[in-house]
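# Descriptive structure summary
Here is how the chains run, residue by residue.
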Amino acid sequence: MKSPSSWLDSQRNAILAEARRVLAPRLPQPARRDFLRRGLTLGGLGLLSGCSLSDNAGVEAALQRISRFNDEVQARLFDPNRLAPTYPDSMITRPFPFNAYYGEDEVRVVREQDFALEVTGLVADRHRWTLAELRALPQHSQVTRHICVEGWSAIGKWSGVRFSDFLRRVGADLGARYVGFKCADDYYTSIDMATALHPQTLLALSWDDGPLPPKYGFPMKLRMPTKLGYKNPKHIQALFVSNTYSGGYWEDQGYNWFGGS
Ligand SMILES: Nc1nc2c(c(=O)[nH]1)N[C@H]1C(S)=C(S)[C@@H](COP(=O)(O)O)O[C@H]1N2
Ligand SMILES: [Mo]
């Protein structure tokens, strides 16, 4: 049997070969030469559609196909028991970076007294959760690395409710395909159920041993050290369990949906 990493390598090479085969013939010279020379990575593939070639509808469609294929491969490779690395508190990045699709002066400020988390879709209990109720559930902490596709990473500490505990408590259909999130800004995303149930996936209420600050996603964010930054929604207002694909803010603009890190 092949080791997982050599299998991963062969899958990666297959995707990259497919990308070259499908895309290169559609490009005029010299773009074609540059494209073939460029070191393509799996992550880079998901981002390619943001480049100047995207006005070619054929390229766009081909990238979509490859990115969906990439999602399937990542889902098959995802090991629900494999933990992302954790770090000592001394390695926490200070100051921790802020990122959003807007600047820090436009951070959405959610008031705790007005807030209740909406839970809908394939769940038995549609009760809306206040922060006090969520804080009363068992809390878990992690010091993990957040990796943003923009090329930076940072180590931070988050605490909150283990998301698998939460999904069980609300009687979610754990065989459903997706969990989707709507945020207090216009952000939204969705994740695969295997990642939702991963032991390090936290409904984070706290950052650096204090309440989650507005800029890092008050009242709560989903923290997943197994996924890239854009898959980790901040300012969550509503979540839903579903079998219908619902994409995401960046995913709908060409970022890879699975977004594993
Ligand atoms: N609601 C919301 N969540 C979001 C985003 C956003 O713009 N709005 N940006 C994402 C991206 S691209 C990153 S890198 C992280 C940044 O989180 P941080 O501010 O805690 O570093 O939030 C993610 N979640
Ligand atoms: Mo990001």
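That block above? That's the structure.
Residues numbered from 1 in each chain as written. Chains lettered and ligands numbered in written order. Predicted model: local features only at pLDDT ≥ 70, side-chain atom pairs only at ≥ 80, totals over all residues. Heavy atoms only, no water.

### Things to note about the sheet that holds strand E1 (residues 118-121)
In plain terms, the rule: Should DSSP find at least two bridges between two strands, the strands are regarded as paired. Helix and strand assignments follow DSSP, with helices taken as H or I runs no shorter than four residues and strands as E runs no shorter than two, numbered in order from the N terminus. Only the stretch in contact is used when fitting a helix axis, every axis being a line fitted to C-alpha atoms; angles between N-to-C directions are given from 0 to 180 degrees.
The strand order across the open sheet built from 4 strands is E1-E9-E4-E5, with neighbouring strands paired in mixed fashion. The open sheet has two free edges, formed respectively by E1 and strand E5 (188-192), since each of these has just one partner strand. The mean inter-strand angle of the sheet, taken between neighbouring strand axes irrespective of direction, is 20 degrees.

### Points about the pairing of strand E9 (residues 236-242)
The condition that has to hold: Buried, partly exposed and exposed residues are distinguished by accessible area as a fraction of the type maximum, computed with a 1.4 Å probe on protein chains only: under 20%, between the cut-offs, and over 50%, respectively.
Taking burial as the measure, the 7 residues of E9 include 6 buried ones, the bulk of the element. Here 4 bridges tie E1 to E9, and the two strands are oriented parallel to one another. Bridge pairing in E9 places Glu 118 opposite Ala 238. Here strand E4 (residues 178-183) runs beside E9; their pairing, made up of 6 bridges, is antiparallel. Across the sheet, Tyr 178 pairs through a bridge with Ser 242, a residue of E9.

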